[in-house]
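If you want the building blocks of each chain, they are given just below.
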Amino acid sequence: MSEPKPTQPVKEIDEETKKKNEEKKKAKEAEKAEKLAKMKEKEAKQAAAKEKELQNKLKKEQEKKEKEAEEKAKQEAEEKIVREHIEKILKTPKGEKKDVSNLLSAYHPTAVESIWYEYWLDNGYFSPEKQMEIQPHVIKDKKFVIVIPPPNVTGSLHLGHALTNSIQDAVVRYHRMKGEVCLWVPGTDHAGIATQVVVEKKIWKENKITRHDLGREGFIKKVWEWKGEYGARIQGQLKKMGSSVDWSREVFTMDDQRSKAVNTAFIRMFNDGLIIRTTRLVNWSCALKTAISDIEVDFIDLEKHTKMSVPGHQGQYDFGVLFEFAYPVEGSGEELVVATTRIETMLADTAIAIHPDDTRYTHLHGKFAIHPLNGRKIPIITDAVLVDKEFGTGVVKITPSHDPNDYETALRHNLEFINLFTDEGLINENGGERFAGMKRFDARNAVVEALKEKNLFKGMKDNKMRLGLCSRSKDVIEPMIKPQWYVKCDDMAARAVKAVRDGDLKITPKTHEVTWYRWLEGIKDWCVSRQLWWGHRIPAYHCIVKGVKSNPYDTNQWVVGMNQEEAIQNAIEKFKLSSKDDILSLEQDPDVLDTWFSSGLFPFSVMGWPEQTSDMENYYPTSLLETGSDILFFWVARMVMMGQQLTGKLPFEQVFLHAMVRDSHGRKMSKSLGNVIDPNDVIKGISLDQLIAKLYEGNLDSKEIEKATAGVKADFPTGIAECGTDAMRFALCAYTSQGRDINLDIQRVVGYRNFCNKIWNATRFAHMKLGESFKPESFNASKLLEQSNAINLWILNAAQRAITLSEEGFKEYDFSKVTTAIYSFWLNEMCDVYLEMTKSIFSLEEDSPIKQKTKETLYTCIDIGLRLLHPFMPYLTEELYQSLPRRPEDTIPTIMLCPYPQSQTCWANSDIEEEMKQCQDIIKSIRSLRATYTIPTSKKLHTYLHVKNQENLDRFSKNSSFIRVLAYASDLEVHISDESRPGCIVNVVNENVSILLDVRGSVDFNQEIARLETKKQQLVKNYETLVAKTTIPSYDKVPQNIREDNAQKIKALDEEINITNKTIESFTKLNI
């Protein structure tokens, strides 16, 4: 057994080590305690900071709530004042002016626009007779006459109508103020198809019945009821927009006098051989079962094969493709492959065409093909007009009854015409037993299957195409052969072309003359019959007489008359009958006339034609036709043709075509997009929920409502703010500088509402400074210049410039030029400069000559400004004009009959204009420099101008008070010097002038330098990141446009970094 190992003796720790260990332990505990204390202190600070932050947040929230409550209370108090004001003025006795002795503290369109229209209307100020009676400067032998483009009675006006009426009313008010006897005739159009569709939808929606259930008379009665119920909406909108039309002469294109005019025109043109009945190809709407005009066809462009649904059909069908199939050649195994976008029409093919010079098919000249589905022999013809031998196979199928080009080809070759469709768009008996009764696009699919069965279908391929849709029903247009009434237009069109070429008729803008010539020189006969019930029934009767075979397609078998008795008498005379007993049958055509026929008579039918009334004698021809460029041919050209034909005169001297209103995205306004804006909603304002609710009031289906709702939410997320009539009118006229299309941004209209407020406050300022006892002197342009000062001379020069530009703009129909001149005068010159500069003058003693001169000048400029503005803002200007004191000679009861401001050449002062322009450049430069250093306008700075010569010293010294006030300077010193000044920042205006602002005590340079250093770091980071991107090996593969864009960005960043460095350097020097 081994011996146990001896144990190691325990090493004793000496006292010193114990002491050290103890000290270490205590130090650690102290350190731990210190850390814990610091942590607690930190936590306490954080808690205190959080508490403080919370308290600050609660305080801010409380302050915000208090401020909101204060604002709300203030707004409610103001609204109460406005409500009480409106309640008071609504009690104004009929025909009297409202009380404008106490103007509200701010502009409120609802208050301003109340009563004035009724005042104008009740006093007859819109009538030419009243104007001649009371306007002192009226020129009785000088007339200005226009007719309103009659809006469709189908519904409410949109902003396109608002533009038309804003322009027309501005023009009429301008000419009325010029002393020309003005007549503006209002009216509405019966809108045949549109109205019939609306009423048909209405009776189906309410009672699940069709017009056929009611019968013709019953349905027409329903339309008249609808017109009585809804027709007044348009009248109300026109009144709300301030339209100064003569309501005593209002017409409706289906009223008795206009109906008489329509019948008279048709009868005269028929008797003159200008109206014939014949069978031709028309645009047929299967859904509406009527021919429609080209303007009622909307086109969609398809880039490739597209599946589409079609109204009245189930499922989707192939469009944007060429269907290829083969025709067997008679007596051979050869096939001719043709391509078509409408394969179903092959059931009515009556020929196959090849080019006469195409050697591939020379052996087939005079041969026949066999129709693969019905066995008919089809001639193979040669036609160099229709066939392009380089396109496709060089073989074309011919369907004369359902294609415009094929129709013309059939006329050249005397081919058979086979109609394939019923009026409803079903395949008729000519399609064969297998297809008869099918809907036309179901037949498309069935024909493809039938050809596949015979191995003659060769496939489909993409094909760009334009597809015509009925604008009312959205159904695919079907070209159809139909017996219709046509107006022969060639001679009338030639006279219309000559009128423009000879300068007898002026078209503005002149660029539209090209369109005028192109359309009228290539004009075709005009199809004027429509298979509708609502409209002017054609006054033509098919007459069957003894011994003559009936042929309703023969114009010679038709007679015309204002009624059946007159038609019978005309038939007896035409056919040389012994009595009416020789007439076996006399039936009026059930069709109605195209709406454009009655519209074409509008300029003279409104004057009472065919009678030679006093209005025809005094007010026809009219002066101007103002309308949208989209109906230059459909309406304007037809008025010219029919006016010359039926009255022997041009219906107007000038045509002005305005731009088209689109939404802010440039899209056409459409109910289904939800971007059609009711002018009343812009005038009064409307919430988003109300905008959406209005979508459900129309005839949109659920899918269209869903789409329109999305559009409304995107464009008007907070609804539309109240803008007022005047702001809307001014904005629309100001937009006319955009050319063909106006992309309307509602926010711009809101901006002009603020402009109205500026004018309102400027006039209130004038009231305060003029004083209650002020009575303006008789107007004397030259006297105003005597013993005046620079600022008064300057504002009179500005007024003269505004007058000149406004006159030029009206004469050129450049309404943007007029509105810009007026806006600049009121805002940039009156409000921003002149009113500010007169404050010191108005602080002088009352009997100071310059104070009295300034009062006369201020009054004159306010008066001129209101009269310049009146054509665009009738309500605001009437309200403010009526609030002003009058000159001794002024007894005119309304601003609309006041003289338009006349040019005062003695006010033109190029020297003062140049001098003040240089002063304004100095002011802009000072304001810009202050903005760079974020110095508030409330902080007045000692400002220096250092100039190089005595001329500038004299100029700016003389105008130092003007510059000082508008540049927010405490003092302004002008010196000939090029030295710097302590504590001043510098900006060079030009080679002759520098500005120096003493910013000591106004700018925290340390804070500004720190901010700029942070900004520079971010700029450098962006710069280096972008440079790094451009130095990668594969950068040359990046597209050229992106590389160019990056190079531009690098250059811009480099420049901004340099500017920031210089600013930091400048601030550092100033901070020493």
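These lines cover the structure that appears in this document, whether it is placed above or below. Note that the coordinates shown come from a computational prediction; the quantities given were computed from them, not determined experimentally.

A few words now on the overall build of the chain. Looking only at helices and strands, the chain features 32 helices and 33 strands. Against the compact-globule benchmark of 31 Å for 1072 residues, the chain has a radius of gyration of 41 Å, which places it well outside the compact range. When the backbone C-alpha atoms are referred to their principal axes, the chain occupies close to 145 × 140 × 60 Å. The proportion of buried residues among the 1072 residues of the chain is 49%. Within the chain, contacts between residues at least 6 apart in sequence are counted, and of these 76% link residues at least 24 apart. Approximately 52700 Å² of the chain is accessible, and the part contributed by carbon and sulfur atoms is 49%. Here the chain contributes 149 positively and 157 negatively charged side chains, and the mean placements of these two sets differ by 3 Å.

Right, let's get into the packing of aromatic side chains. Under the criterion given, the structure shown has 41 aromatic pairs. Ring geometry for Trp-596 and Phe-634: centres 6.4 Å apart, planes at 40°, overall tilted. On the criterion of sequence distance, the pair formed by Trp-596 in helix α15 (residues 595-600) and Phe-634 in helix α18 (residues 632-647) is long-range, its members being 38 residues apart. Here the two residues Trp-596 and Phe-634 agree in accessibility, since each one is buried. Relative to Phe-755, the ring of Phe-730 has its centre 5.5 Å away and its plane inclined at 45°; by these criteria the two rings are tilted. On the criterion of sequence distance, the pair formed by Phe-730 in helix α22 (residues 725-734) and Phe-755 in helix α23 (residues 746-770) is long-range, its members being 25 residues apart.

Once that is clear, we can look at the sheet that holds strand β18 (residues 478-487). Strand order across the open sheet formed by 4 strands is β6-β5-β18-β20, with antiparallel pairing between neighbours. In this open sheet, the two strands that pair with only one neighbour each are β6 (290-292) and β20 (526-527). Note: strand β5 (residues 275-285) against β6, 3 bridges, orientation antiparallel. When the bridges of β6 are listed, Ser-285 appears paired with Thr-290.

Moving on to the sheet that holds strand β11 (residues 335-340). Pairing within the open sheet is antiparallel, and its 3 strands lie in the order β11-β10-β16. In this open sheet, the two edge strands, each paired with only one partner strand, are β11 and β16 (457-462). For this sheet the average axis-to-axis angle between neighbouring strands, irrespective of direction, equals 20°.

Time to look at the packing of α23 against helix α26 (residues 849-869). The N-to-C vectors of α23 and α26 enclose an angle of 150°; their axes lie 10 Å apart at closest approach. Here α23 lies roughly antiparallel to α26, going by the angle between them. When you trace α23 past α26, the crossing you get is left-handed. The segment α23 lies against α26, with Ile-759, Ala-762, Thr-763, Phe-765, Ala-766, Lys-769 and Leu-770 engaging Lys-855, Leu-858, Tyr-859, Ile-862, Leu-866 and Leu-869. For the contact of α23 with α26, the per-class residue count stands at 10 nonpolar, 1 polar and 2 charged.

Relative to the assigned elements, Ser-994 resides in strand β33 (residues 993-998). With residues up to four places along the chain from it excluded, the contact list for Ser-994 reads Tyr-944, Leu-945, His-946, Asn-987, Val-988 and Val-989.

Next up on the list: the environment of Ile-922. Note that Ile-922 resides in helix α28 (residues 910-932). Given a relative accessible area of 1%, Ile-922 falls into the buried group. Considering only alpha carbons, one finds Ile-922 and Ser-994, 72 residues apart in sequence, at a separation of 8.8 Å. If we ignore the near neighbours within four places in the chain, the residues touching Ile-922 are Leu-945, Phe-956, Ile-963, Val-989, Val-993 and Ile-995.

A full pass over the atoms with the stated rule returns 57 salt bridges. Two residues, Arg-173 and Asp-169, come together in a salt bridge whose shortest N-O distance is 2.7 Å. Of this pair, Arg-173 and Asp-169 both sit in helix α5 (residues 159-177), 4 residues apart, which is roughly one turn of the helix. Note on Arg-173: relative accessible area 0%, which makes it buried. By relative accessible area, Asp-169 is classed as buried at 0%. Among the ionic pairs, Arg-1000 bridges to Asp-998, the shortest N-O distance being 2.8 Å. Through salt bridges with shared partners, a single ionic network connects Glu-129, Asp-246, Arg-249 and Asp-615.

Our focus in this paragraph is the nonpolar core. Residues Trp-826, Leu-858, Phe-962 and Ile-963 are the most contacted members of the largest nonpolar core, which totals 153 residues. At 14 residues, the largest contribution of residues to this core is made by helix α25 (residues 815-842). Grouped together as the second largest cluster of nonpolar side chains are 66 residues, Phe-266, Met-616, Met-639 and Phe-652 included.

Here is what the cut-offs are and how they apply
- Residues numbered from 1 in each chain as written.
- Predicted model: local features only at pLDDT ≥ 70, side-chain atom pairs only at ≥ 80, totals over all residues.
- Heavy atoms only, no water.
- Helix = DSSP H or I, 4+ residues; strand = E, 2+ residues; numbered from the N terminus.
- Rg over C-alpha atoms; globule rule 2.2 N^0.38 Å.
- Buried < 20%, exposed > 50% of the residue type's maximum accessible area, 1.4 Å probe, protein only.
- Contact = heavy atoms within 4.5 Å.
- Areas by Shrake-Rupley, 256 points an atom, 1.4 Å probe, with all protein chains shown as cover.
- Lys, Arg positive; Asp, Glu negative; His and termini not counted.
- Charge placed at Lys NZ, Arg CZ, Asp CG, Glu CD.
- Phe/Tyr/Trp six-rings, centres within 6.5 Å; stacked < 30°, edge-to-face > 60°.
- Pairing = 2+ DSSP bridges.
- Axes fitted to C-alpha atoms, helices over the stretch in contact; angles between N-to-C directions.
- Parallel < 35°, antiparallel > 145°, perpendicular 65-115°, else oblique.
- Left-handed = near helix turned anticlockwise from the far one by under 90°.
- Nonpolar A, V, L, I, M, F, W, Y, C, P; charged D, E, K, R; others polar.
- Salt bridge = Lys/Arg side-chain N within 4 Å of Asp/Glu carboxyl O.
- Core = buried A, V, L, I, M, F, W, Y, C linked by side-chain atoms within 4.5 Å.

Structural measurements only, silent on function.
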